[in-house]
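# Summary of the model geometry
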Amino acid sequence: MTDAARTDAARAYALDRKHVFHSWSAQEHIDPMVITRAEGPSVWDGEGNRLLDFSSQLVFTNLGHRHPRVVAAIQEQADALCTVAPAHANSTRSEAARLIAEHTPEGLDRVFFTNGGADANEHAVRMARLHTGRPKVLSAYRSYHGGTDTAINITGDPRRWANDHGGAGVVHFFGPFRYRSAFHATTEAEESERALAHLEQTIELEGPSTLAAIVLETVPGTAGILPPPPGYLAGVRELCDRHGLVFIADEVMAGFGRTGRWFGLDHYGVVPDLMTFAKGVNSGYVPLGGVALGEPVHRTFADRPYPGGLTYSGHPLACAAAVATIEAMREEAVVENADRLGREILGPGLRELAERHPSVGDVRGLGAFWALDLVSDRERRTPVAPNGGSSPVMSALGAACKRGGLLPLTSSNRVHLTPPLNIPDEDAREGLRILDKALETVDAAVRSR
Ligand code: PLP
């Protein structure tokens, strides 16, 4: 690293601490890492160290950093038509909508574009309420749906608490999670059946005539990467049909190849009424999200105006990045690669780590979407950090990964491994080797308790 680059990085840090207000943070207690450069699956910090980006930032750089085709598409779009208001039609937005609709589940052919995932969920809930004329929404405790008002209230994780004034019309239920089953289930089939019985009871006791929608991440991500057991999502679909609820599938994190299919839903063959997306739609190069609508909800707004919109809905720069991302994903077989990575490298590699590290209680995931559940006592499944909190052990793990050259996401008692879907096999293996070494810090802390 040159001296000039080091000085630039130091200036970026100093100005950040002076002027930038950070999300979800006590401002005086943070030490943000400066990223000076990024390429493919790697980022470089302010000291010039290379780190393998197993976080894909916030699980969005599905094509890695600086994919040349996406960068060129943004540059060309900026030159041709940098921006246009949402009321006009333009070829880039139309093409992005067409390409997205080619991959969404059957019948979800219309796209309302937003700036990200939270506003996609805000609008999906608004559409469901207007479509049904009912006020309340059901969502799962272990979920994250975004940081805006409705989105944070449908969220189940502890970030909701400070924003929940009890007036959002949201009721939470337990989704399936066999490792920490709320239903004392011992098999996937039991977990599915009991979680569905619990949901059915919740619907009956809340009053179906008051419920507009069920909002669910198809594979809950931030909450710990929790692929649902077979049959669960089909059961949710059936409950929605029986009681006239709109099924909103949140594919913001799981969508666009992350799970080794275009959408998490594709593993389960279930078609929702509305599907939200963001992040991977354009590898996060320019903010973009959206709601894909099926015909029944779309018809509600055929003659009646939809009361909602955004200045930058379907921004051409973001849509150009989406078009290039989807085309690159198809031509480079990126989704197939994510599936293979999960089956051949990440899944087996992480399970092998679990055999050797007593602190690994559970390995979950699919595609390029994995989590380790870290425990101090395997028998009791005692988490090494509280839900929504951290612990010295988790901080030490994060630091050891970083020292070794790996940037994973850590959350509560979990480490999430979500590299770009096109990471070279050797880099994926190298990431696992670094993690292997770093986990020794957790084993040692757990042993000394
Ligand atoms: N939904 C899910 C499943 C997410 O993981 C996220 C963000 O992590 C969101 C919604 C919110 O998206 P955004 O941060 O783009 O508003």
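Look above for the structure.
Okay, so let's go over this structure. Keep in mind that what you see is a predicted model, and the values were worked out from it rather than measured.

### Section: the overall build of the protein chain
- A tally of helices and strands in the protein chain yields 13 helices and 16 strands.
- In terms of overall size, the protein chain behaves like a compact globule, its C-alpha atoms giving a radius of gyration of 22 Å where 449 residues would be expected to give roughly 22 Å.
- Taken along the three principal axes of its C-alpha coordinates, the protein chain extends 60 × 60 × 40 Å.
- Going through the 449 residues of the protein chain one by one, you find that 55% of them count as buried.
- Relative to all contacts within the protein chain whose residues are 6 or more apart in sequence, the contacts with residues 24 or more apart total 71%.
- Per element, the accessible surface of the protein chain, about 19200 Å² overall, is 52% carbon and sulfur.
- Put simply, the protein chain has 45 plus and 55 minus side-chain charges, and the middle of one group is 3 Å from the middle of the other.

### A few points about the pattern of salt bridges
- Considering all chains together, one arrives at 31 salt bridges under this definition.
- Residue Arg340 pairs with Asp425 through a salt bridge whose shortest N-O separation is 2.8 Å. Residue Arg340 is located in helix 11 (residues 334-356), and its partner Asp425 is located in helix 13 (residues 425-447); the two are separated by 85 residues in the primary sequence.
- By relative accessible area, Arg340 is classed as partly exposed at 22%.
- Here Asp425 falls in the partly exposed class, since its relative accessible area comes to 24%.
- Between Glu426 and Arg433 there is a salt bridge, with its nearest N and O atoms 2.8 Å apart.

### Observations regarding the site of the ligand
- With respect to spatial proximity, 13 residues lie near the ligand, and among them Gly117, Ala118, Tyr144, Asp250 and Lys279 are the closest.
- At 2.7 Å, a backbone N or O of Ala118 approaches an oxygen atom of the ligand.
- The contact in question runs from a nitrogen atom of the ligand to an N or O atom on the backbone of Tyr144, over 3.3 Å.
- Taken by itself the ligand offers 390 Å² of open surface, and the protein chains cover 81% of this.
- Among the elements that make up the shell around the ligand, the one with the highest residue count is helix 5 (residues 117-132) (3 residues).

### Some words on the side chain of His103
- Among the structural elements, His103 can be located in helix 4 (residues 91-103).
- Among the polar contacts listed, one links the side chain of His103 to the side chain of Arg330, at a separation of 3.0 Å.
- Discounting residues that sit within four places of it in the chain, His103 has contacts with Trp262, Phe263, Ile326 and Arg330.

Conventions we followed
Residues numbered from 1 in each chain as written. Predicted model: local features only at pLDDT ≥ 70, side-chain atom pairs only at ≥ 80, totals over all residues. Heavy atoms only, no water. Helix = DSSP H or I, 4+ residues; strand = E, 2+ residues; numbered from the N terminus. Rg over C-alpha atoms; globule rule 2.2 N^0.38 Å. Buried < 20%, exposed > 50% of the residue type's maximum accessible area, 1.4 Å probe, protein only. Contact = heavy atoms within 4.5 Å. Areas by Shrake-Rupley, 256 points an atom, 1.4 Å probe, with all protein chains shown as cover. Lys, Arg positive; Asp, Glu negative; His and termini not counted. Charge placed at Lys NZ, Arg CZ, Asp CG, Glu CD. Salt bridge = Lys/Arg side-chain N within 4 Å of Asp/Glu carboxyl O. Near = heavy atom within 4 Å. Polar contact = N/O pair within 3.5 Å; in protein donor to acceptor, adjacent residues only side chain to side chain.

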